[in-house]
Amino acid sequence: MTGASTGIGEATAIRLSREPGAELVLVARREERLRELAESLPCRATYLAVDLTGEDAPERIRQHLENEHGGELHLLVNNAGASWRAGFAEGGYANVHRHMELNFDAAVRLTEALLPLLRASAPSAIVNVASTAGRVSRARTGSYSASKFALIGWSDSLYAEEQPHGVHIGLVLPGFIQTEGFPATELREKALTRWIVSKPPKVAEAIFECGPGRKAERYVPRPYALAAHSRILFPALTRRVLSGGAASSLTTSTGGDGADDPGSG
Ligand SMILES: NC(=O)c1ccc[n+]([C@@H]2O[C@H](COP(=O)([O-])OP(=O)(O)OC[C@H]3O[C@@H](n4cnc5c(N)ncnc54)[C@H](OP(=O)(O)O)[C@@H]3O)[C@@H](O)[C@H]2O)c1
């Protein structure tokens, strides 16, 4: 479980810990938070504080699984991620690169390192936490959307490839979920938009459905699927709506804004 120190990852760890025989490995950078969470869970849980963008991160996690859990792995949740809002003219390639490095490359690299364990432990599953922003792009979220579009495209291919090996690939696409990294303050402040913001336990349930439950894909909350469908069915209308002034309130500020360290929230 990556990104387990807060938000959706923390809620998912709590959800998974209720399953009989569950054993969890919690991964993120903030060790103290991981330790506190591990100690509070009703199942065996170990943790590893690691920056997933680091060169040696996948190998360190693989070794931890071998040493602490006998190399058995039934579920990998690629959940860690962040967003730094910026238009392309301001953020440039540097902002695209840092999104890809964490939201896409880190998930791919970790999956590469752990796929042999997942195949050996099959039936097993990988859940990739993408975003509705991986289907529909808004102004100032282009770098984030690019990383999530990439994650979705790669996940669909991996789904087909790993089926014969008993490794299921599930895709979860959250909408606005109130967390440390994505507080959605602008939306929660207004009565008109408050209702579209959901909570991490809802995503945790979807991750459970798409992992152990072997469902292929889930939007959370479910009506966010309409945004994805409208992008395909009514592209001109969707583009017009998302380019209009009212759409700016949909580009909420994030924990990564104004900080080099997204985790500093
Ligand atoms: N909340 C939303 O509205 C929303 C919507 C769609 C998709 N999502 C996706 O859901 C996932 C979880 O987001 P969240 O809302 O739960 O955000 P969050 O509360 O900010 O959690 C992000 C998690 O990722 C970890 N992380 C960040 N950078 C890392 C790094 N370099 N190495 C290791 N771990 C790192 C953070 O832990 P440390 O800081 O301790 O490292 C934290 O545990 C992300 O992939 C996000 O893109 C969220």
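In the block above lies the structure referred to throughout.
Conventions we followed
Residues numbered from 1 in each chain as written. Predicted model: local features only at pLDDT ≥ 70, side-chain atom pairs only at ≥ 80, totals over all residues. Heavy atoms only, no water. Salt bridge = Lys/Arg side-chain N within 4 Å of Asp/Glu carboxyl O. Helix = DSSP H or I, 4+ residues; strand = E, 2+ residues; numbered from the N terminus. Buried < 20%, exposed > 50% of the residue type's maximum accessible area, 1.4 Å probe, protein only. Contact = heavy atoms within 4.5 Å. Near = heavy atom within 4 Å. Polar contact = N/O pair within 3.5 Å; in protein donor to acceptor, adjacent residues only side chain to side chain. Areas by Shrake-Rupley, 256 points an atom, 1.4 Å probe, with all protein chains shown as cover. Nonpolar A, V, L, I, M, F, W, Y, C, P; charged D, E, K, R; others polar.

Further remarks concern the pattern of salt bridges. On inspection of all chains with the given rule, the structure shows 13 salt bridges. Arg33 is paired through a salt bridge with Glu180; the nearest N and O atoms lie 3.1 Å apart. Here Glu180 lies in the loop between strand E5 (167-174) and helix H6 (185-188) and Arg33 lies in helix H2 (residues 31-40), a separation of 147 residues in the sequence. Using a relative accessible area of 34% as the deciding quantity, one classes Arg33 as partly exposed. A salt bridge links Glu66 to Arg62; the shortest N-O distance between them is 2.9 Å. Taken together, the residues Glu66 and Arg62, both in helix H3 (residues 57-69) and four residues apart, mark about one turn of the helix. A relative accessible area of 34% places Glu66 in the partly exposed class. Taken together, the shared-partner salt bridges connect Arg15, Glu19 and Glu205 into one network.

Attention now goes to the environment of Asn128. Structurally, Asn128 is set in strand E4 (residues 124-129). Excluding anything up to four places from it in sequence, Asn128 contacts Asn78, Leu151, Trp154, Ser155, Ile169, Gly170, Leu171 and Val172.

Taken together, 30 residues are adjacent to the ligand, and Ser5, Arg29, Asn79, Tyr144 and Thr179 come closest. The contact in question runs from an oxygen atom of the ligand to an N or O atom on the backbone of Gly3, over 3.0 Å. When the ligand is considered free in solution it has 890 Å² of accessible area, and contact with the protein chains removes 96% of it. Listed by contribution, the elements that provide at least two residues to the shell around the ligand are helix H1 (7-17) and helix H5 (142-162). When grouped by side-chain class, the residues that make up the shell around the ligand number 14 nonpolar, eleven polar and five charged.

Residue Pro123 is reached from Ala122 by a cis peptide bond, and omega for that bond is 5°. Structurally, Pro123 can be placed in the loop between helix H4 (88-120) and E4. Residue Pro221 follows Val220 across a cis peptide bond; omega there is -15°. Along the chain, the position of Pro221 falls in the loop between strand E6 (217-220) and helix H9 (225-233).

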